[in-house]
Amino acid sequence: MIMLPPQSYSFVAAYPLALKWDHPREEQKTFHSTFTFFHCRPKAPQNPQSFHINPSLLSPLRLLATPTMAIPLLIFSILLFQSTLSLSVRPKSLSLTNPKQPLIFPLKTQTIPPSSLPSSSSKLRFHHNVTLTVSLSVGTPPQNVTMVLDTGSELSWLHCSNTPSPVSFRPKLSSSLSSIPCSSQMCTAQTRDLPIPATCDKSSHLCHVSLSYSDASSSEGTLSSDLFRLGDMSSSSSPLRTTFGCMTNTFDSASDSSFTTGLLGMNRGALSFVTQTKTRRFSYCISDRDSSGMLLIGSTDLPFPLTINYTPFVQISLPLPYFDRVAYSVQLEGIRVGSTLLPIPKSLLAPDHTGAGQTMVDSGTQFTFLLGEPYNILKTEFLRQTKGILTPLNEPDFVFQGAFDMCFKIPEGKTVPSVPRVVLMFSGAEMAVEGERLLYKVHGEKRGGDGVWCFTFGNSDLVPISAFIIGHHHQQNVWVEYDLEKGRVGFAPVKCDVASQKLGLVL
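Quick caveat: nothing in here was measured; it's all calculated off a predicted structure.

**Digging into the pattern of salt bridges**
All told, the structure shown has 11 salt bridges when counted by the stated rule. Lys-346 is paired through a salt bridge with Glu-333; the nearest N and O atoms lie 3.3 Å apart. Placement of Lys-346 in the loop between strand 22 (340–341) and strand 23 (359–361) and of Glu-333 in strand 21 (residues 332–337) is noted, with a sequence separation of 13 residues between them. The class for Lys-346 is exposed, based on a relative accessible area of 54%. For Arg-447, the salt bridge identified is with Glu-445, shortest N-O distance 3.0 Å. For Arg-447, a relative accessible area of 21% puts it in the partly exposed group. Given the relative accessible area of 12%, Glu-445 is considered buried. Through salt bridges that share partners, Arg-281, Glu-481, Asp-483 and Arg-488 make up one connected network.

Right, here's the structure in full:
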């Protein structure tokens, strides 16, 4: 989920929002925020620098924590169909209880119908259309809600309305709801990582929060807390008192946008659900079968062999203006296409002196983005190795989602030809992207008897954004483990549907 900081906004070209700001690096920049922020090149030298931010908002992942001496095991299963969620928590300590047996909780994916996504004949606006969601209940008595899981966002929020609606939380019906006053430390200190600082509503004296997203969506309301119940409400587990935004004023740019009640913020910011619940380790595995999968919270011995290679988080102690310190940042060391190591200078893969150019593992972004120069090197080599295998679209004006300009024609009904895999190389670990994960069929686009398929690595400069982002589409059939205690993320190739079955889940 990409948020916008408190600056002036304007609509520019095919991109929904432009933020005005100065930046020194090659006419690009990255803005520091607890949310995943990306910054761009100036629209006009005489004005403050305009930039656009990766609009893969409303998408998603990460969750609850345990004390060091506890042995919590929470398994989340991302199912495309029916799902519920169950979790045992303590409201006072903001940590999980210690279950004697592993608990299984389903998640699911939601796909926004293509009819709700804006498009044109040549350029499709960047708008993420797959979200990973979790079902839970909030309040007293409990109300069922569905929330997007987003590792790129901090503040969890619910759409609050006292009018009955399947996608709204009704605050007046909850006797346990508490609004946060302006004088509270929660309002004055704990909101420090939010991209838009909290303000005080002078009429109500309550803490007011605002969120703005890169596709022109926004929400605002009151910082509140209530009891979150995750899963089986008939169990004896205690609810967790959680701080969230109770949003009464929301705007979504999608024409058919009301698919979830809110968002569960999962980054490392002070108000994220992860921080509030003291989570120290979690893993997930997304299958290539309808994007289903599972999420494992805590540590346990897995019932199948798995060799995980780790790469450390990039930690920068100096507060750089354009480095997201609470994102899951790693160091990209290189890229291979087949057996060919791309000639990308190391300096292009590391954050610069402002913090721009970091690499983030983000479940809230669907595809992967590379900065312009590394992307062009990858594009040239992929085209060279697939010459005679794939037929280029050869339409310079066609740019899928505003960032994917390397597309091909594949006959309808035919399988995707075998193409060389692309390997992302990190310090101590690798992530291989191969097969159909490298190409994505564009809905509704046909050229005679051919469908249009686009390369799933996007050019950040076309959005534009100034960061490398590893999206969840390329994390399919990869066991991804986030180890906050040791400051690292691990990767291991695995068939996620098989792993789920061994853990007692059926995808």
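**Considerations on the sheet that holds strand 21**
Hydrogen bonds between backbone groups are what pair the strands of a sheet, and the pairing can be parallel or antiparallel. The four strands are arranged 22-21-27-28 in an open sheet whose pairing can be described as antiparallel. Only two strands of the sheet have a single partner each, and these edge strands are strand 22 and strand 28 (429–433). With two bridges joining them, strand 21 and strand 22 adopt antiparallel strand pairing. Along strand 22, the bridge assignment pairs Val-337 with Thr-340.

**Let's talk about the state of the cysteines**
According to the stated counting rule, one finds five disulfides in the structure shown. There is a disulfide in this structure between Cys-160 and Cys-246, and the S-S distance comes to 2.0 Å. Negative torsions about the S-S bond denote left-handed disulfides, and the value of about -125 degrees found for Cys-160 with Cys-246 makes this one left-handed. One end of the pair, Cys-160, is in the loop between strand 10 (157–159) and strand 11 (178–179); the other, Cys-246, is in strand 15 (residues 240–251), with 86 residues separating them in the sequence.

**Let's talk about the sheet that holds strand 25 (residues 391–392)**
Pairing is antiparallel in the open sheet, where four strands are placed in the order 25-26-30-29. Across the chains shown, the open sheet's two edge strands, defined by having one partner strand only, are strand 25 and strand 29 (439–447).

**A closer look at the packing of aromatic side chains**
Each aromatic ring pair is summarised here by two numbers: the centre-to-centre distance and the angle between the ring planes. With the rule as written, the count across this model stands at 20 aromatic pairs. Between Phe-282 and Tyr-482 the ring centres are 4.4 Å apart and the planes differ by 5 degrees, which places this aromatic pair in the stacked class. With a gap of 200 residues between them, Phe-282 in strand 17 (residues 281–286) and Tyr-482 in strand 33 (residues 478–483) connect regions that are remote in the sequence. For the residue pair Phe-282 and Tyr-482, the accessibility class agrees, reading buried in each case. Both rings, one in Tyr-284 and one in Tyr-482, keep their centres 5.6 Å apart while their planes meet at 35 degrees; by these two values the pair is tilted. With Tyr-284 in strand 17 and Tyr-482 in strand 33, the pair connects residues that are 198 residues apart, well separated along the chain. A relative accessible area of 0% places Tyr-482 in the buried class. Through a chain of ring-to-ring contacts, three or more aromatic side chains come together here, namely Phe-282, Tyr-284, Phe-313, Tyr-328 and Tyr-482. Positioned above the aromatic ring of Phe-313, the side-chain terminus of Arg-268 is 4.9 Å from the ring centre. Lying over the aromatic face of Phe-398, Arg-447 brings its terminal NZ or CZ to 5.6 Å of the ring centre.

Criteria and cut-off values
Residues numbered from 1 in each chain as written. Predicted model: local features only at pLDDT ≥ 70, side-chain atom pairs only at ≥ 80, totals over all residues. Heavy atoms only, no water. Salt bridge = Lys/Arg side-chain N within 4 Å of Asp/Glu carboxyl O. Helix = DSSP H or I, 4+ residues; strand = E, 2+ residues; numbered from the N terminus. Buried < 20%, exposed > 50% of the residue type's maximum accessible area, 1.4 Å probe, protein only. Pairing = 2+ DSSP bridges. Disulfide = S-S within 2.5 Å. Phe/Tyr/Trp six-rings, centres within 6.5 Å; stacked < 30°, edge-to-face > 60°. Lys NZ or Arg CZ within 6 Å of the ring centre and 35° of its normal.

In short, the description is geometric, and any link to function would need to be established separately.
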